[in-house]
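Structural characterization, general
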Amino acid sequence: DSGTEVQTDFITLTRFLTEEQARLHEHATGDFTLLCHALQLSFKTIAYFIRRASLRNLMGLAGSTNDSGDSQKKLDVIGNDIFINAMKGCGKVKFVVSEEEEELITFPGDGKYAVVCDPIDGSSNLDAGVSVGTIFGIFKLADGASKAEDICLPGTEMVASGFTMYGASANLVLTMKGGAVNGFTLDTALGEFILTHPDMRIPHSRSIYSVNEGNSLYWTEPVRKYFDSIKYPEGPDAKPYSARYIGSMVADAYRTLCYGGLFAYPADKKSPKGKLRILYECAPMAMVMENAGGMAITDSGSRMLEVVPEKIHDRSGIYMGSKGEIEKVLKVFNEYQ
Ligand code: AHG
Ligand code: MN
Ligand code: MN
Ligand code: MN
């Protein structure tokens, strides 16, 4: 080894965004790029605090509850503050919807974008050092948008979405409307997200399922029927699926994106509207899945991205992942229509 094979021409997130904007939007103002810079700052900062949580006494509960009824962890509150301040600081954002804020946040100025976010997804896992993430979606605002209802838009209206998973490394997955899904890894020494997973495609099928099986007592008949069909398959050579459930949607979705399979959080008799929230959990993830060649649907079998929430914290049941796997879910659901 001559030692000369060090990669010196790599694609940072900044370079990627600059090249994409030049390719796709000749007359771009640069506002979107600046917004993405603020996003990456928030990811780096949140990653920094998560990694130091046990050293800085940032574990445990904050003592407050959010609009969804979740007990907030200290890091939920810190992550939320980091995210909101980054969005405020870039000057290009007018509205933020956050899981941790009951009301829509409005910034002064003439920002053209609304950003929806789950600052820390999977926060019940934080104190055990398990992977968590930040989920985001970006909408370009119509003129005159001024109130929470104006942000209650279907996922099809998002111009970009994605998430960062804080795992063994910080992995950013980003997709733009109608575009590819690209994965970046934070090089902590450089402080840069580097394009490491260009054009991510989800495998067409894979026998892995991811669901909180502890809720099965409350499942409706079609849900039970579907999961039984993959756990007790019929036929001499049929093999049951493997189960994988982390309990951080970002981590479960990232694995599903990489390996294929299906992630579900169904609505059930205990939570008739499901658990995951449409604007900042379901829709951004659905866009990533679809743009990677997968699918995302609701309990009624409709396309997740077309669901219009009535309120900013509204929830839905969700099934997402490999196209071939979601088609199997639909086949079972259709028997009940
Ligand atoms: P959050 O931590 O942002 O409130 O989200 C929690 C979500 C999601 O991360 C995960 O998929 C799901 O809740 C886990 O719920 P259960 O503990 O009910 O399985
Ligand atoms: Mn929560
Ligand atoms: Mn979440
Ligand atoms: Mn959260």
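Because the structure is predicted, anything quoted here is derived from the model rather than measured.

This part covers the overall build of the chain. Looking only at helices and strands, one finds seven helices and 15 strands in the chain. Relative to a compact globule of 337 residues, whose C-alpha radius of gyration would be 20 Å, the chain shows 20 Å and is just as compact. Across its three principal directions, the C-alpha atoms of the chain cover 60 × 55 × 45 Å. Counting across all 337 residues of the chain, residues that qualify as buried make up 45%. Taking the intrachain contacts of the chain between residues at least 6 apart in sequence as the baseline, contacts between residues at least 24 apart amount to 62%.

Take helix α4 (residues 221-231) next. Val-223, Tyr-226, Phe-227 and Ile-230 are the residues of α4 that are buried. Buried residues of α4 fall within an arc of 90° about the axis and therefore sit on the same side. Turned more than 90 degrees away from the buried face of α4 sit Glu-221 and Asp-228, all of them exposed. In this structure, the buried side of α4 is in contact with β11 (208-210) and α7 (323-334).

Before going further, it helps to examine the packing of α4 against α7. Remark: α4 packs on α7, axes separated minimally by 9 Å, with the N-to-C direction vectors making an angle of 135°. For the element pair α4 / α7, the angle class is oblique. Regarding α4 and α7, the two cross each other, and that crossing is right-handed. On α7, the residues that touch Pro-222, Lys-225, Tyr-226 and Ser-229 of α4 are Val-329, Val-332 and Phe-333. A per-class count over the contact of α4 with α7 returns five nonpolar, one polar and one charged.

A few words on the pairing of strand β5 (residues 113-121). β5 sits mainly inside the fold: nine of its nine residues count as buried. For strand β3 (residues 93-98) and β5, the ladder comprises five bridges, and the chain directions are parallel. In the strand pairing of β5, Phe-95 is matched with Ala-114. Note: β5 against strand β6 (residues 132-140), seven bridges, orientation antiparallel.

All right, on to the nonpolar core then. Within the largest apolar cluster, 94 residues are counted, with the highest numbers of intra-cluster contacts made by Val-115, Met-285, Ala-286, Ala-296, Met-304 and Met-320. Broken down by element, this core gets its largest block of residues, ten residues, from helix α6 (residues 278-291).

The next point concerns the UniProt feature "domain: Fructose-1-6-bisphosphatase class 1 C-terminal" (unreviewed entry) in the chain. The sites that UniProt annotates as "domain: Fructose-1-6-bisphosphatase class 1 C-terminal" (unreviewed entry) are residues 202-332. End-to-end, the C-alpha atoms of residues 202-332 are 22 Å apart, and along that stretch the chain is 35% helix and 12% strand.

The subject of this paragraph is the UniProt feature "domain: Fructose-1-6-bisphosphatase class I N-terminal" (unreviewed entry) in the chain. Mapped onto this numbering, the UniProt entry gives "domain: Fructose-1-6-bisphosphatase class I N-terminal" (unreviewed entry) at residues 11-198. Between the C-alpha atoms that bound residues 11-198 the distance is 10 Å, and the span itself is 27% helix and 34% strand.

Let's shift gears to the site of ligand 1. Every one of the 13 residues lining ligand 1 counts as a neighbour, but Asp-121, Gly-122, Ser-123, Asn-212 and Met-249 are closest to it. Grouping the amino acids of the shell around ligand 1 by side-chain chemistry returns two nonpolar, six polar and five charged.

Further remarks concern the sheet that holds strand β9 (residues 181-187). Spatial ordering of the open sheet is given by β4-β3-β5-β6-β7-β8-β9-β10, a layout of eight strands whose pairing is mixed. For this open sheet the edge positions go to β4 (105-106) and β10 (192-197), each flanked by a neighbour on one side alone. Running over the sheet, helix α3 (residues 74-90) touches β3, β4, β5 and β6 and is turned about 160° from β5.

Moving on to the sheet that holds β11. An order of β12-β11-β13-β15-β14 is seen for the five strands of this open sheet, with the pairing classed as mixed. Only two strands of the sheet have a single partner each, and these edge strands are β12 (242-243) and β14 (295-297). Here β11 pairs with β12 via two bridges, running parallel. Bridging from a neighbouring strand, Tyr-209 pairs with Ala-243 of β12. Strands β11, β13 (262-265) and β15 (318-321) of the sheet are contacted by helix α5 (residues 249-259), whose axis makes an angle of about 150° with β13.

The N-to-C vectors of helix α1 (residues 13-24) and helix α2 (residues 31-51) enclose an angle of 160°; their axes lie 10 Å apart at closest approach. Comparing their axes, α2 and α1 come out roughly antiparallel. In the packing of α1 onto α2, the handedness of the crossing is right-handed. Contacts between α1 and α2 involve Leu-13, Leu-17, Thr-18 and Gln-21 on the former and, on the latter, Thr-33, Cys-36 and Gln-40. Of the residues assigned to the contact of α1 with α2, the class counts are three nonpolar, four polar and no charged.

About the cut-offs
- Residues numbered from 1 in each chain as written.
- Chains lettered and ligands numbered in written order.
- Predicted model: local features only at pLDDT ≥ 70, side-chain atom pairs only at ≥ 80, totals over all residues.
- Helix = DSSP H or I, 4+ residues; strand = E, 2+ residues; numbered from the N terminus.
- Rg over C-alpha atoms; globule rule 2.2 N^0.38 Å.
- Buried ≥ 20, exposed ≤ 12 C-beta atoms within 10 Å, placed from the backbone.
- Contact = placed C-beta atoms within 7 Å.
- Arc of directions from axis to C-beta.
- Axes fitted to C-alpha atoms, helices over the stretch in contact; angles between N-to-C directions.
- Parallel < 35°, antiparallel > 145°, perpendicular 65-115°, else oblique.
- Left-handed = near helix turned anticlockwise from the far one by under 90°.
- Nonpolar A, V, L, I, M, F, W, Y, C, P; charged D, E, K, R; others polar.
- Pairing = 2+ DSSP bridges.
- Core = buried A, V, L, I, M, F, W, Y, C linked by C-beta atoms within 7 Å.
- UniProt positions renumbered as here; feature names shortened; annotations may be inferred.
- Near = placed C-beta within 6 Å.

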